[in-house]
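# Examination of the molecular architecture
Spelled out from the first residue to the last, the chains are:
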Amino acid sequence: MRLSVNIDHIATLREARKSYEPDPLFAAQLAELSGADGITVHLRADRRHIQDRDVSLLKEIVKTKLNVEMASTNQMVEIMASIQPHQVTLVPEKPNEVTTEGGLDVILNEAQLRQSIVRLNSHNIKVSIFVDPDLDQVKACSKIGAQAIEINTNRYATSKSKKTRSEAIKMVEDCAKLGIKLNLEVLAGHALNYKNVKPIVKIKEISELNIGHSIIARSVFVGIERAVSEMKALLEV
Ligand code: PXP
């Protein structure tokens, strides 16, 4: 299973001082040297962490795969059409949220999302859609022509009882199986950490995980190289 490391919080720390350090470009290079299979950043409308310049420079230096999370707006689509990252993940975005709060409602926004996918694909950008583990939403992703889905693991990761946890993992697994059946590449992520990742790794239909907060938090104490390589080791089946 591949690991894409979300480095937004390196930029969060930099923006806390409106400084030039720590530099997300260094983080991306060290993460790749430590075994990351991809680098993910979220270019938010409020530019609270990652800036447009970061994305342009990351496109130049990332040697694995650059995945950019963004809202499906015309402005964002045009920025990505000019930078051309390898992949875009469409996510819902609310101005005051601490982090992405849930998956996109693909059924409700079908026409608008389809337009973004066509435009991004015309620039050779693969499109993944962040969805909650809901079979109808997965079907809608296939219908509108997405290449991949990222299944939201937040409910699994934050469930308190064994029962809700096993129900949540079953939903992730069922959606992953449906995704593969519909010829979608299946990714997963959100709120995964060193303690809860293993049951997700066992779902063989999932080919890649997007993990940010837990890796960057650990890297403060052990360094980004060790934080990434320890997570990468957990992703070995
Ligand atoms: N996937 C998506 C779509 C996200 O928005 C985020 C958070 O930026 C992640 C994965 C990573 O989540 P976490 O930081 O909890 O690992």
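Another point: the overall build of the chain. Per the secondary structure count, the chain includes eleven helices and eight strands. Relative to the 2.2 N^0.38 estimate, which gives 18 Å for 237 residues, the radius of gyration of the chain is 17 Å and therefore close to what a compact globule would have. Referenced to the eigenvectors of the C-alpha coordinate spread, the extents of the chain come out at roughly 45 × 40 × 30 Å. Within the chain, the fraction of its 237 residues that count as buried is 51%. A separation threshold of at least 6 residues defines the contact pool for the chain, and within that pool the share at least 24 residues apart is 68%. As displayed, the chain offers around 11,300 Å² of accessible surface, 55% of which is attributable to carbon and sulfur atoms.

Another point: the pattern of salt bridges. With the rule as written, the count across this model stands at 22 salt bridges. A salt bridge links K18 to E15; the nearest nitrogen and oxygen atoms lie 3.2 Å apart. A relative accessible area of 13% places E15 in the buried class. R48 is paired through a salt bridge with D46; the nearest N and O atoms lie 3.2 Å apart. Sharing partners across several salt bridges, the network here consists of R2, K65, K126, E185 and E208.

Tracing the backbone shows N6 in strand β1 (residues 2–6). From its side chain, N6 meets the backbone nitrogen of D8 in a polar contact 2.8 Å long. If we skip the residues at most four places from it in the chain, N6 touches T40, E69, I211, G212 and I216.

Turning our eyes to something else, we now look at the pairing of strand β3 (residues 66–70). Every other side chain in a regular strand lies on the same face of the sheet, so the side chains alternate between the two faces. Counting buried positions over the five residues of β3 gives five, a clear majority of the element. On β3, burial covers both faces: L66, V68 and M70 on one face and N67 and E69 on the other are all buried. Two strands pair when backbone bridges link them, and strand β2 (residues 38–42) and β3 are joined in this way by four bridges, in the parallel orientation. Paired with V41 across the bridge in β3 is V68. Note on the crossover from β2 through helix α3 (residues 52–61) to β3: the handedness is right-handed. Here four bridges tie β3 to strand β4 (residues 87–90), and the two strands are oriented parallel to one another.

The subject of this paragraph is the nonpolar core. Residues M80, I129 and L209 are the most contacted members of the largest nonpolar core, which totals 69 residues. The leading source of residues in this core is helix α8 (residues 162–181), at six residues.

Before going further, it helps to spend a moment on unusual backbone geometry. Omega for the bond connecting E21 with P22 falls within 30 degrees of zero, at -5°, which places this linkage in the cis form. Along the polypeptide, P22 turns up in the loop between α1 (8–16) and α2 (24–33). Here the phi dihedral of N124 falls at roughly 65°; this positive angle occurs in a residue that is not glycine. Checked against the element boundaries, N124 lands in the loop between α5 (110–121) and β5 (126–131). A positive phi angle, close to 110°, is found at H190, a residue other than glycine. Structurally, H190 can be placed in the loop between β7 (185–189) and α9 (198–201). Judged by relative accessible area, H190 falls into the buried class, the value being 18%.

Let us look at the environment of N210. Checked against the element boundaries, N210 lands in strand β8 (residues 208–211). On a C-alpha basis, the gap between N210 and G145 in space is 22 Å, while along the polypeptide they are 65 residues apart. Those residues in contact with N210, other than ones at most four positions away along the chain, are S4, T40, N67, E150, A188, G189 and H190. Of the polar contacts made by the side chain of N210, one reaches the side chain of E150; its length is 2.9 Å.

It is worth spelling out the packing of helix α6 (residues 135–143) against α8 at this point. Running from amino to carboxyl end, α6 crosses α8 at an angle of 25°, the nearest separation of the two axes being 9 Å. By the angle between their axes, α6 is roughly parallel relative to α8. As for how α6 packs across α8, the hand of that crossing is right-handed. In contact with L135, V138 and K139 of α6, α8 contributes D174, C175, L178 and G179. A per-class count over the contact of α6 with α8 returns four nonpolar, one polar and two charged.

Quick notes on the rules
Residues numbered from 1 in each chain as written. Predicted model: local features only at pLDDT ≥ 70, side-chain atom pairs only at ≥ 80, totals over all residues. Heavy atoms only, no water. Helix = DSSP H or I, 4+ residues; strand = E, 2+ residues; numbered from the N terminus. Rg over C-alpha atoms; globule rule 2.2 N^0.38 Å. Buried < 20%, exposed > 50% of the residue type's maximum accessible area, 1.4 Å probe, protein only. Contact = heavy atoms within 4.5 Å. Areas by Shrake-Rupley, 256 points an atom, 1.4 Å probe, with all protein chains shown as cover. Salt bridge = Lys/Arg side-chain N within 4 Å of Asp/Glu carboxyl O. Polar contact = N/O pair within 3.5 Å; in protein donor to acceptor, adjacent residues only side chain to side chain. Pairing = 2+ DSSP bridges. Right-handed = clockwise from strand over helix to strand, strands pointing away. Core = buried A, V, L, I, M, F, W, Y, C linked by side-chain atoms within 4.5 Å. Axes fitted to C-alpha atoms, helices over the stretch in contact; angles between N-to-C directions. Parallel < 35°, antiparallel > 145°, perpendicular 65-115°, else oblique. Left-handed = near helix turned anticlockwise from the far one by under 90°. Nonpolar A, V, L, I, M, F, W, Y, C, P; charged D, E, K, R; others polar.

Keep in mind these numbers describe shape, not what the thing actually does.
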